[in-house]
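Chain by chain, the residues run as shown.
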Amino acid sequence: MHPIRRRGWEISGERLTPEPVVLGRRALVGAMAAVVATPSPSAAFGRDPIAWWDAQVTANPARDLYAAPRSPAYPLDRPLTEARYAIAYNNFYEFGAQKDIWRAAQRLETTPWSLTIDGLVPTPRTVDVDALIRRFPLEERTYRLRCVEGWAMAVPWVGFPLAALIRWIEPLGSARYVVFESFHNPRIAPGFRQAWYPWPYLEGFTMAEAMNELSLLVVGIYGRPLPPQMGAPLRVITPWKYGFKQPKSVVRISFTDRRPVGFWERLQPNEYGFWANVNPAVPHPRWSQATERMLGTDERRPTLIWNGYGEWVAGLYEGLRHERLFA
Ligand SMILES: Nc1nc2c(c(=O)[nH]1)N[C@H]1C(S)=C(S)[C@@H](COP(=O)(O)O)O[C@H]1N2
Ligand SMILES: [Mo]
């Protein structure tokens, strides 16, 4: 964690500071106090997230489900990020504010996993995620992901359209937003002791955004079940928005008529908003958003408006020019 010295136009947010700089010393002291001894991958795997993941996947009787056919509709403009970088450089503040939380996240027990679907729906229900994912055909999609901190990756997600779940649920006509809430279990994750964060992590979307064909409920990556550090067993991916709009390890999906205030917007409303669409021309208050570093490389690429997905989503925002669409 670094203090704010000056505007970091020449530096990326990634190197200047992580997202919650406002927390400053208090957070730093709290974070150090909150370090707990977490059982983690055994010594044999301790240095190698891929070897650990291999072992987990091999033990998973349902692993074949995740080798889903790749959809040709979303071609990439750059090479895929190597798995070893994508699965070991994560933001998951429940497990800590550093990027190397993959070991700590192994404490997340992802089976069985209950998902509650409630709010403005005809029938609120709680479903088992293993059963849920068998209701919908899985597909693989290669998408870019752009973190507001200035790093990016290109990965093959496995999942099903959020629209398919919404059509199954048939929310009431009064539903205007859909809200996703992440797991909340202070017994397994040290971040929850950092009480200045507005737990649980939540993020929401308009119904039109949620119904867009790009919006994906993700259960796997690289043809395998998601590793815990990437949000197993179920997370949201909306690739035209900054990464913080893509909540992990979801336990609740609620339909509502009120615009939700997400985790980062609640923490720092001057820096993070509801829409959070990617735009290289709109800087973060503390750093430029013009370029991005691809994980596993030193290469910086120009960031694309809507993260390159304007063809699918620009139309969603045509009537909303007065809104702060890009932060
Ligand atoms: N529950 C939860 N979801 C989260 C976060 C988090 O801290 N907690 N971080 C977000 C941020 S800032 C980013 S960039 C992405 C990172 O996803 P990845 O670690 O799978 O690359 O997850 C998002 N979803
Ligand atoms: Mo992020």
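Structural data are supplied above this passage.
Calculation criteria
Residues numbered from 1 in each chain as written. Chains lettered and ligands numbered in written order. Predicted model: local features only at pLDDT ≥ 70, side-chain atom pairs only at ≥ 80, totals over all residues. Heavy atoms only, no water. Helix = DSSP H or I, 4+ residues; strand = E, 2+ residues; numbered from the N terminus. Buried < 20%, exposed > 50% of the residue type's maximum accessible area, 1.4 Å probe, protein only. Contact = heavy atoms within 4.5 Å. Areas by Shrake-Rupley, 256 points an atom, 1.4 Å probe, with all protein chains shown as cover. Near = heavy atom within 4 Å. Polar contact = N/O pair within 3.5 Å; in protein donor to acceptor, adjacent residues only side chain to side chain. Nonpolar A, V, L, I, M, F, W, Y, C, P; charged D, E, K, R; others polar. Core = buried A, V, L, I, M, F, W, Y, C linked by side-chain atoms within 4.5 Å. Arc of directions from axis to C-beta. Salt bridge = Lys/Arg side-chain N within 4 Å of Asp/Glu carboxyl O. Pairing = 2+ DSSP bridges. 1 Å grid on protein atoms, 1.4 Å probe; cavity = no way out; pocket = protein on both sides within 12 Å on 5 of 7 lines; lining within 4 Å. Points joined across faces, edges and corners; volume = space filled by probe spheres on them. Axes fitted to C-alpha atoms, helices over the stretch in contact; angles between N-to-C directions.

Enquirer: Please provide a residue-by-residue account of the overall build of the protein chain, values included.
Expert: Each helix and strand in the protein chain was counted, giving nine helices and 12 strands. Taken across its 327 residues, the protein chain has 56% of its residues classed as buried. Within the protein chain, counting contacts between residues at least 6 apart in sequence, those at least 24 apart form 74% of the total. Accessible surface computed for the protein chain: about 14,200 Å², of which carbon and sulfur atoms make up 53%.

Enquirer: Go over unusual backbone geometry, please, and point to the residues and values.
Expert: The step from Trp199 to Pro200 runs through a cis peptide bond, and the omega angle for that step is -5°. By secondary structure assignment, the location of Pro200 is in the loop between strand S5 (177-182) and strand S6 (202-206). With omega at 0°, the peptide bond leading from Ala232 into Pro233 counts as cis. Mapped onto the secondary structure, Pro233 falls in the loop between strand S8 (224-225) and strand S9 (235-237).

Enquirer: Outline the site of ligand 1, supporting the account with residue identities and numerical values.
Expert: Near ligand 1, the surroundings consist of 18 residues, among which Tyr93, Glu94, Ser182, Arg235 and Lys248 are the closest. One of the side-chain N or O atoms of Lys248 is found 2.6 Å from an oxygen atom in ligand 1. Relative to its free-state accessible area of 530 Å², ligand 1 is covered by the protein chains to the extent of 100%. Of the residues assigned to the shell around ligand 1, the class counts are nine nonpolar, five polar and four charged.

Enquirer: Please provide a residue-by-residue account of the nonpolar core, values included.
Expert: The biggest cluster of nonpolar side chains holds 89 residues, and the ones touching the most others in it are Phe95, Trp157, Leu165 and Phe255. The leading source of residues in this core is strand S4 (residues 151-161), at six residues. Look past the residues within four positions of Phe95 in its chain and what remains in contact with it is Ile101, Ala104, Ala105, Leu108, Phe183, Ile188, Ala189 and Pro190.

Enquirer: Tell me about helix H3 (residues 49-58), and please be specific about residues and values.
Expert: Those residues of H3 that fall on the buried side of the exposure criterion are Pro49, Trp52, Trp53 and Val57. Axial view of H3: buried residues confined to an arc of 135°, hence all on one face. Close packing links the buried residues of H3 with helix H4 (83-86), strand S7 (216-221) and S8. One side-chain oxygen of the residue at the start of H3 lies 3.0 Å from the amide nitrogen of Ile50, identifying that residue as Asp48.

Enquirer: How would you explain the pattern of salt bridges if you had to name every residue and give the values?
Expert: Here the structure, examined in full by the defined rule, presents 15 salt bridges. In this structure, Arg141 engages Glu139 in a salt bridge whose closest nitrogen and oxygen atoms are separated by 2.9 Å. Note on Glu139: relative accessible area 18%, which makes it buried. What emerges from the salt-bridge pattern is a single network uniting Asp77, Arg78, Arg144, Arg146 and Glu292.

Enquirer: Please set out the environment of Val155 residue by residue, giving values where relevant.
Expert: With respect to the element layout, Val155 can be found in strand S4. The spacing of Val155 and Thr81 is 74 residues in sequence and 6.0 Å in space, taken between C-alpha atoms. If near-sequence neighbours (up to four positions away) are discounted, Val155 is found in contact with Leu80, Thr81, Ala86, Arg141, Thr142, Tyr143, Ile221 and Tyr222.

Enquirer: So what about the pairing of strand S2 (residues 125-128)? Which residues, and what values?
Expert: Bridging between strand S1 (residues 114-119) and S2 involves four bridges; their strand directions are antiparallel. From the neighbouring strand, Ser114 faces S2, where its bridge partner is Asp128. Between S1 and S2, which follow one another and run antiparallel, lie five residues.

Enquirer: For the layout of surface pockets, give the residues involved together with the corresponding values.
Expert: The volume enclosed by the largest pocket comes to roughly 530 Å³. Listed by contribution, the elements that provide at least two residues to the lining of the largest pocket are H3 and helix H5 (129-135). When grouped by side-chain class, the residues that make up the lining of the largest pocket number 16 nonpolar, five polar and three charged.

Enquirer: Residues and numbers for the environment of Gly308, please.
Expert: Residue placement: Gly308 occurs in the loop between strand S12 (300-302) and helix H9 (310-313). Considered as a pair, Gly308 and Tyr143 are 165 residues apart in the sequence and their alpha carbons are 9.8 Å apart.

Enquirer: Quick one: what's the story with helix H6 (residues 162-169), residue by residue and with numbers?
Expert: An α-helix turns once every 3.6 residues. As a result, residues three or four positions apart point the same way. Summarising burial for H6: six of the eight residues are buried, a large majority. Here H6 has its buried residues at Leu162, Ala163, Ala164, Leu165, Ile166 and Ile169. One or two positions beyond H6, positive phi appears at Glu170, with a value near 50°.

Enquirer: Explain the sheet that holds S1 to me, and be specific about the residues and the numbers.
Expert: Read across the sheet, five strands follow the order S2-S1-S10-S5-S6 without closing on themselves; strand pairing throughout is mixed. Both outer strands of the open sheet, S2 and S6, are each paired with one neighbouring strand and no more. Across the sheet, the mean angle separating the axes of adjacent strands is 20° when strand polarity is ignored. Where S5 lies against S6, five bridges are found, and the strand directions are antiparallel. Residue Phe180 lies in a different strand from S6, and its bridge partner there is Glu203.

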